[in-house]
Amino acid sequence: MSIAAFESVVDDGVIRPAQPLNLRDRTKVYILVPEAQPKVPVIVSPRLAHSNQVADFRVEVTDG
């Protein structure tokens, strides 16, 4: 068994090597992540499960 290191990036949840890898299909690989950074949660606008709840989310905007 030989060990090699390949630089890669994570792109939308998919690991993409910086250069093509000459590995056979079904080759088992192990991924080490130096200085792993957790994904920062993205806050999006809430969505109502039922449209009749719209009155619960009234917003008053004032010019301040």
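For the structure, check the block above.
Keep in mind that what you see is a predicted model, and the values were worked out from it rather than measured.

(A) Summary view of the environment of Ala-5. Locating Ala-5 in the fold gives a position in the segment before strand E1 (8–11). Residues Ala-5 and Leu-23 lie 18 residues apart in sequence; the distance between their C-alpha atoms is 12 Å.

(B) Representation of the pattern of salt bridges in the model. Using the criterion set out here, one finds 1 salt bridge in the structure. Of the charged contacts, one joins Asp-11 and Arg-16 as a salt bridge, the two residues approaching to 3.3 Å between their closest N and O atoms. We classify Arg-16 as partly exposed; its relative accessible area is 42%.

(C) Representation of the environment of Val-9 within the structure. Here Val-9 lies in strand E1. Note: C-alpha distance between Val-9 and Thr-27 (18 residues apart in sequence) is 19 Å. Setting aside residues no more than four positions away along its own chain, Val-9 makes contact with Val-14, Ile-15 and Arg-16.

(D) Just unusual backbone geometry, in detail. Phi is positive for Asp-12, which is not a glycine, with a value near 55°. Within the fold, Asp-12 resides in the loop between E1 and strand E2 (14–17). Judged by relative accessible area, which is 78%, Asp-12 ranks as exposed. At Arg-26, a position not held by glycine, the phi torsion is positive, near 70°. Its location among the elements puts Arg-26 in the segment after E2. Judged by its relative accessible area of 84%, Arg-26 is exposed.

Here is what the cut-offs are and how they apply
Residues numbered from 1 in each chain as written. Predicted model: local features only at pLDDT ≥ 70, side-chain atom pairs only at ≥ 80, totals over all residues. Heavy atoms only, no water. Helix = DSSP H or I, 4+ residues; strand = E, 2+ residues; numbered from the N terminus. Salt bridge = Lys/Arg side-chain N within 4 Å of Asp/Glu carboxyl O. Buried < 20%, exposed > 50% of the residue type's maximum accessible area, 1.4 Å probe, protein only. Contact = heavy atoms within 4.5 Å.

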